[in-house]
Amino acid sequence: MTLPECIANTAEIQVTAVVNVAEEDVHNIAPDGTAFAPSTALASGKQASFVNDGIFDDQAEGAGGKGVFGMKKLDQIPEDDRYVQITWDTPKDVESLILWSYFAKDQGPKNFDVLVTKDGDAWEKVANSGDITWKSNAADREQEQKEIVFDAVQEGITGVRIYVNSSYSTWSTNAVITELQIFGRNSAEEKVNVNFTEPVNGKISAATDSGEIVAGQTVAVGTTVTFTFTPDEGYHVEPRAD
Ligand SMILES: [Ca+2]
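If you're wondering where the values come from, they're calculated on a predicted model, not measured in any experiment.

**Q** Now, about the nonpolar core: what can you tell me, with residues and values included?
**A** Of all hydrophobic cores here, the largest spans 34 residues; its most connected members are Phe-69, Val-84, Ile-162, Ile-177, Leu-180 and Ile-182. Put simply, the parts of the chain that give this core at least two residues each are strand 3 (69-71), strand 4 (83-102), strand 5 (109-117), strand 7 (143-167), strand 8 (174-177) and strand 9 (179-186). In terms of residue count, strand 4 provides more of this core than any other element does, 7 residues in total. In contact with Ile-182, not counting residues within four places along its chain, are Asn-28, Ile-29, Ala-30, Ile-86, Val-94, Leu-97 and Val-160. Counting 5 residues, the second-largest nonpolar core is a separate cluster that includes Tyr-102, Phe-103, Ala-104 and Trp-134.

**Q** So what's going on with the environment of Trp-134? Which residues, and what values?
**A** Counting through the fold element by element, Trp-134 comes out in the loop between strand 6 (123-128) and strand 7. Residue Trp-134 is classed as buried on the basis of its C-beta count, with 20 C-beta atoms lying within 10 Å. When sequence neighbours within four positions are dropped, the list of residues in contact with Trp-134 reads Ala-104, Lys-105, Gly-108 and Glu-144.

**Q** Tell me about unusual backbone geometry, residues and numbers included.
**A** Backbone geometry places Phe-103, a non-glycine residue, at a positive phi of 45°. Structurally, the position occupied by Phe-103 is in the loop between strand 4 and helix 1 (104-107). Look at Phe-103 and you get buried, because 22 C-beta atoms sit within 10 Å. Phi is positive for Ala-175, which is not a glycine, with a value near 50°. Within the element layout of this structure, Ala-175 appears in strand 8. By C-beta crowding, Ala-175 is classed as buried, having 31 other C-beta atoms within 10 Å.

Here is what the cut-offs are and how they apply
Residues numbered from 1 in each chain as written. Predicted model: local features only at pLDDT ≥ 70, side-chain atom pairs only at ≥ 80, totals over all residues. Core = buried A, V, L, I, M, F, W, Y, C linked by C-beta atoms within 7 Å. Buried ≥ 20, exposed ≤ 12 C-beta atoms within 10 Å, placed from the backbone. Helix = DSSP H or I, 4+ residues; strand = E, 2+ residues; numbered from the N terminus. Contact = placed C-beta atoms within 7 Å.

Below you can see the structure in the form of structure tokens.
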């Protein structure tokens, strides 16, 4: 950036503030991950991504009949394939999950295991749902939920798998999951703080591919951050001599 010679740069841009670490809140991290289920498990027209697309009812406005996950009858699925999972590119600390279903008395999962992985290869069982008694086959398409709270926070994991042991089975589609919510946050050791300070005579902004970030915000390791320096009118940005 250059200024006309008649305008003097009368002040240097200065560093004036120290930024503190900001802690990320526990939130639903399922939408940040990638859903997968073996094709052998999927009921007709179903996709793994229906578990974390934010759609709870396939008849909701805009859903177009999609958004609700379901499996074939379990005895038609190879035993190793009776699951749906969500994985992430960076490690997470996970506290709990909620599995949502509807018309669950007739098609919801009856009993499922929760497994986690740290390397995407080896999966460890960390919880079981017990046998679930769904309340009713609600005429108003009521959503019902089964919450699993882990005995201890699952630290540094990169995936959560729901393995279905048994399902209510009135119709051809079983193990119906309208949405899977997983509550956690990025693992502390895998986060970096983006610290920067506002200059006196201008502004700094920073952004990732996901949008603008504020000073002190944490981002996953490997995230590219782009800084933009905007001097106030009458000032310009100079390279530092050191
Ligand atoms: Ca959904």
